[in-house]
Amino acid sequence: MTESIHETIAVKADHLYKAFGRRPHEIVKKLKAGKSRAEISSLGVAAVIDASFEVKQGEIFVVMGLSGSGKSTLIRMLNGLWETTSGSVTVGGTDITRVSAKELRDVRRKSISMVFQHFALLPHRTVIDNVAYGLEIQGMNRADRLAKAQTIIDLVGLAGWADNLPSELSGGMQQRVGLGRALAADTDVLLMDEAFSALDPLIRREMQEQLIELQAALGKTIIFITHDLNEAMFLGDRIAVMRDGRIVQIGTPEEILTDPANDYVAQFVQDVDRARVLTAASVMEPVRAVITKTAGPRAALRTMRDLQTSVTFVLNRDRSFAGIVRDRDVLKLVKKGETDLRGIIRDDATAVLSETALVDLVEPSVESELPIAVVDEKNRLLGVIPRVTLLAAIGNVSTNTGALPVVMPPATISIRAITDILGDTVDDMPIDAEGVRA
Amino acid sequence: MNDFRLPLGSYVETFVEFITDTFGFIFDFIRAAFAGAYDGVQFLLGEPPFWAIMLVLGVLALGIRGWKFAVGSVLGLIIILGVDQWDYAMDTLALVLVASVLAIVLSVPLGILAAKSTLASNIIRPVLDFMQTMPAFVYLIPALLLFRVGVVPGIVATIIFAMAPGVRLTELGIRSVDKEVVEAGQAFGASPWRILRQIQLPLATPTIMAGINQVIMLSLSMVVISGLVGAGGLGAQVIASLNRIDIALGFEAGLAVVILAIFLDRITASLGSANSTGFIGGVRRALRARRVTDEPASSADTASVPEPARI
Ligand SMILES: Nc1ncnc2c1ncn2[C@@H]1O[C@H](COP(=O)(O)OP(=O)(O)OP(=O)(O)O)[C@@H](O)[C@H]1O
Ligand SMILES: [Mg+2]
C-alpha cells in the first residue's frame, strides 16, 4: 500500500491547539505548562490539544475517535475555517495560519476542499449547481462547469437527479452530492468529515470502495474523519486515534491493531472486524515442510516423517510455489523406485497474495484441510496459514504462547512404515526443510 | 416636590435647535428629495383614471397570488371608490410606498451590517428599541421643526417608526442561515461578499420579506399620525372626522385604510414565500420543470437506468 505514496508532504499540522472559551490563549498556555484537560475545564473546552502529524501526498489519512474527541475541530483548522489557537497548518507548502484572508481563499480554491458531516449543501440550488459550486468559485464558465459537474454526478451515482433540489434527495444521496461537490473542485487535498456516516451499511461499503478506487485513480490526498473503527481500518493508509482532544497514536491499521500504544487504543480496537484489517502476511507462519521439486521422493518422505505431516510444499527451482505432495503418493513413488516428484505434485492447496485480507481466506480454509500458502507477486512462497492460525487471528487469541498443536495435517502413515521403506540406505538428496520466509 | 429635576427635555430641545440652525441646508435638501419622490409617486397613482390603477393592481394581484385575490382586490378598490375616498387613498398609498421603500433601503443594509458585526449589532439593537418604543407622536415634533408642515415630516416619522422590524428580521434571517452552509462557501474559497450574495441573502429571503411586510404594515399604521402634520390622504380624513365627530366619514376613511392594509399585506407576504401560488410562481415552477425534462443526454437514459435507491 505504502509503496505508491510519494514522499511529498501534502498537509502538515504542527502542534495544533484549539480552545473554546473566553480566553482561549490562557487555556493553551496552561495546557502547555502541563495542566490536564479536566483542570482547565472551568475556563473552557480544549477541543484539540497538541496535534502534530504529516499527511503525505496520495495518502488516505484517517482521524478516528469517539464523539466529542475533537475530530471536526481538527479538520476545520486544516483548511482554516477555524483559526488555530496555537500551532500552524501547512497545506501544499503554504502556512495557512499566517496568510491573508485573500491568500487563504486562494489555497482553498486550488488546494483543499471539504465534505461536511451534515452535508452543508446549498438548499436553494439544484444538485448540479451544488456540484459545480467549487468550479464556479474558481471562475470556470457556466457551460464548462456544468459539463464537468455532470460527469461527477454520474460518477457518484446520481445520474438523473441533476435538476432536483437537495431537499428532494435522501440523506445518503445528499452526502453523495457533498462528495461530488468536493470532487468536482478537483483539489489535491480532500477533507472528509464523517462523510459516510449518513449512509446505510451496504451503500457505505460501496462508497468506501469507490473512494479507494478514486484515490487510486486520481491520487488525491484524503483526510478522512470517522468514529467507525472498521471504516478507519478499511480506508486508512495511516490512522490517527484521538481521545479527549489529543492524538494518542498514529500508525497503519495493522500497527494499531497489533501494537496499540495504550490500553485506550487497545480497548478501542477490540471490536474491530479483524478479518478485514489483518492481512495474510501479518498472521502467516514459517513454512517448515517444504522441499524443492528436484529433491526427489525420498527427501520428501523424510521431511514428512521428521515433521510428522502428510503433506509437504514443493518449490520450483526459482523458489516459486509449485504445489504440494502427499505422503501416500510419495510412498508409492519410492516403492516403485522412481526419482521424479513432478508427476505427483498436486495444485489443490490455495495460494494467496500476502496482502489478502483474512476475511477472504475463510472460504478456502473451510474447503480444504490444507494450510493456505502465502505468496508474493512473483509467486514465491512466504509462509503458510493453517486453519487454526486463521481462527486464532480472527478471534484475537494470542498465538505467541508456544507452538500450536496442529499446524499441518497429521501424518497418515506411521513413522515406522516410512522409516522401513526409506531403509537404512544413506541417500544424500538435498533436503530443504527450513522456513523460507522472505 | 423637591427641586431635583433632570432637564433632559430642554437639552434635546437645544440640540434640535442647534441642528436646525447648523445643518438646515441638509434638511432642506432631504425635504426636497422626499417631497420630490412623493410627488412623483403620487402623480403616477393619482393622475391616471381610477380604472387604470385598478387594472394594474388587479393584474399585480393575479400575478402574485392568483385570481381569487385579484377579484377580492378589485372589489376592495371599488368599495374605496364607492365611498368616495379614492383620491385620498391614492395619496396615502403614495406616502406608504415612499416611506416603506426608504425604510427598507435603510433597514436591510443596517440589518446586514448587524448580522456581520457583533459590535454593530450591539450598537444598533438599543437604538432600535428606543425608536420602536418611543411614542410615535414624539417624532413628529422634531420632524416638524426640521422639515416644516407637509408630507415630508410624515414620511420621516414613518420611516423612523417602521424601520426597526426591517433591521431586526434582516439580521435574524442572516444569522440563522445554517452555519455549515456558510462554512461550505468559505471552504470552497468564496469571498464574504459572494457568500452574502449567493448564500446568506437568498436563504434569509423569507425572513427578510417578513421584515419588509412588517415595515409596510407599520408605515400604514402611521398614516393617521402623519395626517396630524399635514400629510393629507386618508389620515387627514380620519383626523377631520375626529374633529367633526363625523362617524360616517371616519368609518369610510378607516375602511379604506383597512382595505389598503390587507392588499399590501397579502402581496408582500406571498413575495416572501418561495413558491407563491399565483401566476409568477406557476411560471417559475414551469420553467424549472422544463429544465429538468430538457436535459438532453440524461433524459433518454434516466428511463432505462434504475434510479439510485433512496437511502
Ligand atoms: N464552537 C464551539 N464552542 C465551544 N465548544 C465547542 C465548539 N465546537 C466544538 N466544541 C467542543 O469541542 C469538543 C470537540 O468537538 P468536535 O465537534 O470537534 O468533536 P467530534 O470529534 O467531531 O465529535 P462528533 O463525532 O460528534 O462529530 C467537544 O467537546 C465540543 O463540545
Ligand atoms: Mg464531528
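Here the structure is a predicted model, which means the values were calculated and not measured. (Residues numbered from 1 in each chain as written. Chains lettered and ligands numbered in written order. Predicted model: local features only at pLDDT ≥ 70, side-chain atom pairs only at ≥ 80, totals over all residues. Heavy atoms only, no water.)

Another aspect to go through is the coordination of the magnesium ion (ligand 2). Around a metal, the ideal angle is 109.5 degrees if four donors adopt a tetrahedral arrangement and 90 or 180 degrees if six donors adopt an octahedral arrangement. Residue and element names in this part refer to chain A. Within the protein, the magnesium ion (ligand 2) binds to Ser72 (OG) and Gln117 (OE1); these donor distances fall in the range 1.9 to 2.5 Å. Highlighted residues: Ser72 in helix α2 (residues 71–78) and Gln117 in the loop between β6 (112–115) and α4 (127–131), separated in sequence by 45 residues. Residue class for Gln117 comes out partly exposed when judged on its relative accessible area of 24%. (Donors = N, O, S within 2.8 Å, 3.2 Å for Na, K, Ca; no water. Helix = DSSP H or I, 4+ residues; strand = E, 2+ residues; numbered from the N terminus. Buried < 20%, exposed > 50% of the residue type's maximum accessible area, 1.4 Å probe, protein only.)

The next point concerns a nonpolar patch on the surface. Among the surface-exposed residues, Phe4, Leu6, Leu8, Tyr11 and Val12 of chain B lie close enough to one another that they form a single nonpolar patch of about 590 Å² accessible area. On the secondary structure map, Leu8 of chain B appears in helix α1 (residues 8–22). (Patch = residues over 30% accessible without salt bridge, like charges linked within 9 Å, V, L, I, M, F, W, Y side chains within 5 Å. Areas by Shrake-Rupley, 256 points an atom, 1.4 Å probe, with all protein chains shown as cover. Salt bridge = Lys/Arg side-chain N within 4 Å of Asp/Glu carboxyl O.)

Listed per partner, the contact involves 27 residues of chain B and 49 residues of chain A. Buried surface at the junction of chain B and chain A, both sides included, amounts to about 3100 Å², of which 56% is carbon and sulfur. Where chain B packs against chain A, one counts three salt bridges. For the salt bridge of Glu180 of chain B with Arg76 of chain A, the shortest nitrogen-to-oxygen distance reads 3.2 Å. Our count for the contact surface shared by chain B and chain A stands at nine residue pairs in polar contact (both at pLDDT 80 or more). (Contact = heavy atoms within 4.5 Å. Buried area = accessible area lost by both parts, 1.4 Å probe. Polar contact = N/O pair within 3.5 Å; in protein donor to acceptor, adjacent residues only side chain to side chain.)

Looking now at the site of ligand 1. All names here are of chain A. Taken together, the neighbourhood of ligand 1 is formed by 14 residues, with Ser67, Gly68, Lys71, Ser72 and Thr73 sitting nearest. Here Gly70 contributes a backbone N or O atom positioned 3.0 Å from an oxygen atom of ligand 1. A distance of 2.8 Å is found between an oxygen atom of ligand 1 and a side-chain nitrogen or oxygen belonging to Lys71. In isolation ligand 1 exposes 630 Å². Once the protein is present, 65% of that is buried. (Near = heavy atom within 4 Å.)

This part covers the packing of helix α14 (residues 297–307) of chain A against helix α15 (residues 327–336) of chain A. Residue and element names in this part refer to chain A. The geometry of α14 relative to α15 is characterised by a closest axis approach of 9 Å and an angle of 140 degrees between their N-to-C directions. The angle between α14 and α15 places the two elements in the oblique class. When you trace α14 past α15, the crossing you get is left-handed. Along its contact with α14, which presents Pro297, Arg298, Ala300, Leu301 and Met304, the element α15 presents Asp327, Val330, Leu331, Leu333 and Val334. Here the residues of the contact of α14 with α15 sort into eight nonpolar, no polar and two charged. (Axes fitted to C-alpha atoms, helices over the stretch in contact; angles between N-to-C directions. Parallel < 35°, antiparallel > 145°, perpendicular 65-115°, else oblique. Left-handed = near helix turned anticlockwise from the far one by under 90°. Nonpolar A, V, L, I, M, F, W, Y, C, P; charged D, E, K, R; others polar.)

With phi around 55 degrees, Gln308 of chain A is a residue other than glycine that occupies positive phi space. Topologically, Gln308 of chain A is positioned in the loop between α14 and β12 (311–315). Residues other than glycine seldom take positive phi values, yet Ile245 of chain B does so here, at roughly 45 degrees. Within the fold, Ile245 of chain B resides in the loop between α12 (233–244) and α13 (247–272). For Ile245 of chain B, a relative accessible area of 70% gives the class exposed.

Here we take up the packing of aromatic side chains. Applying the stated criterion across every chain yields a total of nine aromatic pairs over all chains. Between Tyr133 of chain A and Phe188 of chain B, the ring centres sit 6.3 Å apart and the planes meet at 80 degrees, which makes this aromatic pair edge-to-face. Of this pair, Tyr133 of chain A sits in helix α5 (residues 133–138) while Phe188 of chain B sits in the loop between α9 (179–187) and α10 (192–221), which puts the two residues in different chains. There is no split in this pair, since Tyr133 of chain A and Phe188 of chain B are both buried. Seen in terms of ring centroids, Phe18 of chain B and Phe23 of chain B are 6.5 Å apart; in terms of plane orientation they differ by 90 degrees. Their pairing is edge-to-face. The exposure class of Phe18 of chain B is partly exposed, given its relative accessible area of 48%. The exposure class of Phe23 of chain B is partly exposed, given its relative accessible area of 34%. The ring centre of Trp82 of chain A lies 5.1 Å from the NZ or CZ of Arg76 of chain A, which sits over that ring. (Phe/Tyr/Trp six-rings, centres within 6.5 Å; stacked < 30°, edge-to-face > 60°. Lys NZ or Arg CZ within 6 Å of the ring centre and 35° of its normal.)

All names here are of chain A. Residues of chain A with pLDDT of at least 70 account for 92%, and the chain-wide mean is 85. Put simply, helix α18 (residues 415–422) is where chain A has its lowest mean pLDDT, 75, and α4 is where it has its highest, 96. Counting contacts from residues 401–406, a segment whose pLDDT is below 50, to residues more than four positions away or on other chains yields four contacts. (pLDDT = per-residue confidence, 0-100.)

Moving on, we get to the pattern of salt bridges. For the structure shown, the criterion picks out 31 salt bridges over all chains. Here Arg125 of chain A and Glu136 of chain A are joined by a salt bridge, their closest N and O atoms 2.9 Å apart. With a gap of eleven residues between them, Arg125 of chain A in the loop between β6 and α4 and Glu136 of chain A in helix α5 connect regions that are remote in the sequence. Arg125 of chain A sits in the buried class, given a relative accessible area of 12%. Across the pair Asp186 of chain A and Lys220 of chain A runs a salt bridge, and its minimum N-O distance is 2.7 Å. Of the two residues, Asp186 of chain A sits in the loop between α7 (171–184) and β7 (189–193) while Lys220 of chain A sits in the loop between α8 (201–218) and β8 (221–226), which places them 34 residues apart along the sequence. A residue is classified by how much of its surface remains accessible, and Lys220 of chain A, at 7% relative accessible area, is buried. Several salt bridges share partner residues, and in doing so they unite Arg76 and Asp193 of chain A together with Glu180 and Glu183 of chain B into one network.

A few words now on the sheet that holds β6 of chain A. Residues and elements named next belong to chain A. Here we have six strands laid out as an open sheet, ordered β6-β7-β8-β3-β9-β10, and mixed in their pairing. Every interior strand has two partners, whereas the edge strands, β6 and β10 (246–251), have only one. Strand-to-strand twist in this sheet, taken as the mean axis angle between neighbours without regard to direction, amounts to 15 degrees. With five bridges joining them, β7 and β8 adopt parallel strand pairing. Across the sheet, Leu190 pairs through a bridge with Ile222, a residue of β8. (Pairing = 2+ DSSP bridges.)

This part is about the side chain of Gln237 of chain B. Residues and elements named next belong to chain B. Relative to the helices and strands, Gln237 resides in helix α12. Note on Gln237: relative accessible area 12%, which makes it buried. Here Gln237 is in contact with Gln85, Tyr88, Leu249 and Ala253, once residues within four sequence places are set aside.

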